[in-house]
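Chain and residue survey
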Protein chains: 2
Amino acid sequence: MIVVFDRDHIVPELPGIVLLSHGPFAGACVESVAMLQGAQENLAAFGLEPADELADYTAAVLDAVRAFPDGSIIMVDLYGGTPCNQMMLAALKEGLDLHIISGFGLPMVVDACSLRSAELKGDELLAQIEEIAKAGIINVSDMIHGRNA
Amino acid sequence: MIVVFDRDHIVPELPGIVLLSHGPFAGACVESVAMLQGAQENLAAFGLEPADELADYTAAVLDAVRAFPDGSIIMVDLYGGTPCNQMMLAALKEGLDLHIISGFGLPMVVDACSLRSAELKGDELLAQIEEIAKAGIINVSDMIHGRNA
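Residues numbered from 1 in each chain as written. Chains lettered and ligands numbered in written order. Predicted model: local features only at pLDDT ≥ 70, side-chain atom pairs only at ≥ 80, totals over all residues. Heavy atoms only, no water.

Moving on to the overall build of chain A. A tally of regular secondary structure across chain A gives six helices and five strands. Listed N to C, the secondary structure of chain A is β-β-α-β-α-β-α-β-α-α-α in terms of helices and strands. Its C-alpha radius of gyration of 16 Å places chain A within 12% of the 15 Å reference for a compact globule of 149 residues. In terms of its C-alpha atoms, chain A occupies a principal-axis envelope of roughly 50 × 35 × 30 Å. Taken across its 149 residues, chain A has 55% of its residues classed as buried. Sequence separation of at least 24 residues holds for 79% of the intrachain contacts in chain A that already meet a minimum separation of 6. A total accessible area of about 6,100 Å² is found for chain A, and carbon and sulfur atoms account for 50% of it. (Helix = DSSP H or I, 4+ residues; strand = E, 2+ residues; numbered from the N terminus. Rg over C-alpha atoms; globule rule 2.2 N^0.38 Å. Buried < 20%, exposed > 50% of the residue type's maximum accessible area, 1.4 Å probe, protein only. Contact = heavy atoms within 4.5 Å. Areas by Shrake-Rupley, 256 points an atom, 1.4 Å probe, with all protein chains shown as cover.)

Laid out in structure tokens, this is it:
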């Protein structure tokens, strides 16, 4: 399991962002965001590796989610993938009020880090991020050739 | 510069996919995709690091794009970021016919790997990927609570 989580430096009232992926994608995202915007508070990542026990993985993620302030959100790499499914099961079986979105990339994470606040969190934050992340997927070639100006 | 590119094992007629990012995000994506789908042919990644000369970075990327078959596509982490801007400049200044899309995440890369072929490549591939990648951004909480069923 690849873990990026600084339990000793949690900022109160700042909603956390927890990135989940197969392999190193989530942890690398934290590094790339830091290169763009500087190190971010309350940003964690858990990369599932082939040898991991799923129960251990899920427990580690939920432990971080509980340690972060209310309204924290979970971003998973792929809808229907194992990290996504584990969180859906946790929400349904344990009745946890988790805020989950799939398909993260840099636009989603960067803007979530900028937008989140004590006022904008949880489901409201998720709704904004969904639109922003979709808008961050741009056919740059069309733009260059004036096809979607 | 973080480079994932196997020049000695290029598969003819299979459009290449070249992932570009700030830092390790692009290279980690190749590893995570391999964990999901097995190692992919003609999939390269270039991570820009703070100490890199931009001209060297751009030259390395374009060298890979030229080595791959026609109709290969470039996925950049963030519209307006340095890797994106370097490719836009190369397309505009050197008149290169590059196929570029921004905001990659697992849904985009996984589906591009599955869809690409000698027939589906370049701008046509890009158009399909754009829609699929947007559809891969799903508010999972809404789904759990039946709010977007």
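To continue, consider the sheet that holds strand E5 (residues 100–102) of chain A. Residue and element names in this part refer to chain A. Taking strand neighbours across the sheet as the criterion, the five strands line up as E1-E3-E2-E4-E5 in an open arrangement whose pairing is mixed. Two strands bound the open sheet, and with one partner strand each, they are strand E1 (2–4) and E5. Ignoring which end each strand starts from, the neighbouring axes of this sheet average 15° apart. Relative to strand E3 (residues 43–48), E1 runs antiparallel, the two being bridged by three bridges. Each residue of the ladder has a partner; that of Ile 2, found in E3, is Gly 47. Along the sheet face, helix H2 (residues 54–67) touches strand E2 (17–22), E3 and strand E4 (73–76) and points at about 175° away from the line of E3. (Pairing = 2+ DSSP bridges. Axes fitted to C-alpha atoms, helices over the stretch in contact; angles between N-to-C directions.)

In this section: the side chain of Ser 72 of chain B. Residues and elements named next belong to chain B. You can see Ser 72 is positioned in the loop between helix H2 (54–67) and strand E4 (73–76). Only 2.7 Å separates the side chain of Ser 72 from the backbone nitrogen of Gly 16, close enough to count as a polar contact. At 2.7 Å, the side chain of Ser 72 and the backbone oxygen of Pro 69 are in polar contact. Residues within four places of Ser 72 in sequence aside, it is in contact with Pro 15, Gly 16 and His 99. (Polar contact = N/O pair within 3.5 Å; in protein donor to acceptor, adjacent residues only side chain to side chain.)

Expressed as a screw transformation, the operator carrying chain B onto chain A has a rotation angle of 180° and an axial translation of 0.0 Å, and the superposed copies differ by an RMSD of 0.0 Å. Within this description, the copies of the chain are treated as partners about a two-fold rotation axis. Both copies contact each other with a shared surface, as 100% of the interface residues of chain B are interface residues in chain A too. (Least-squares fit on C-alpha atoms with pLDDT ≥ 70 in both.)

Looking now at the environment of Gly 71 of chain B. Following the sequence through the fold, Gly 71 of chain B ends up in the loop between H2 and E4. Those residues in contact with Gly 71 of chain B, other than ones at most four positions away along the chain, are Pro 15, His 99, Lys 121 and Gly 122 of chain B.

The interface of chain B with chain A comprises 48 residues on the first partner and 48 residues on the second. Between chain B and chain A, a total of about 4,000 Å² is buried, with carbon and sulfur atoms accounting for 71% of that surface. If you sort the residues of chain B by the area they bury against chain A, Phe 25, Met 35 and Ile 137 of chain B come out on top, with a joint share of 18%. Scanning the region where chain B abuts chain A turns up zero salt bridges. Between the two partners, chain B and chain A, sit 14 residue pairs in polar contact (both at pLDDT 80 or more). Breaking the side of chain B that touches chain A down by element, the ones donating at least two residues are helix H1 (25–37), helix H3 (82–94), strand E5 (100–102), helix H4 (106–115), helix H5 (122–135) and helix H6 (140–144) of chain B. Tallying contributions element by element places H1 of chain B first for the side of chain B that touches chain A, with seven residues. (Buried area = accessible area lost by both parts, 1.4 Å probe. Salt bridge = Lys/Arg side-chain N within 4 Å of Asp/Glu carboxyl O.)

With seven of 10 residues buried, helix H4 (residues 106–115) of chain A lies mostly within the body of the structure. Taken residue by residue, H4 of chain A has Leu 106, Pro 107, Met 108, Val 109, Val 110, Ala 112 and Cys 113 of chain A as its buried positions.

On to empty space enclosed by the protein. Applying the stated criterion to the full structure yields one cavity of 30 Å³ or more. Along its surface, the largest cavity is lined by Gly 103 and Ile 137 of chain A together with Gly 103, Phe 104, Gly 105, Pro 107, Met 108, Ala 133 and Ile 137 of chain B. In the lining of the largest cavity, the residues fall into six nonpolar, three polar and no charged. (1 Å grid on protein atoms, 1.4 Å probe; cavity = no way out; pocket = protein on both sides within 12 Å on 5 of 7 lines; lining within 4 Å. Points joined across faces, edges and corners; volume = space filled by probe spheres on them. Nonpolar A, V, L, I, M, F, W, Y, C, P; charged D, E, K, R; others polar.)

Residues in a regular strand project their side chains so that they alternate between the two faces of the sheet. All names here are of chain B. Burial within strand E2 (residues 17–22) is extensive, with six of its six residues counted as buried. Here E2 shows a buried face lined by Ile 17, Leu 19 and Ser 21 and a second buried face lined by Val 18, Leu 20 and His 22. After leaving E2, the chain enters H1 and then returns to the sheet as strand E3 (residues 43–48), a path that is right-handed. (Right-handed = clockwise from strand over helix to strand, strands pointing away.)

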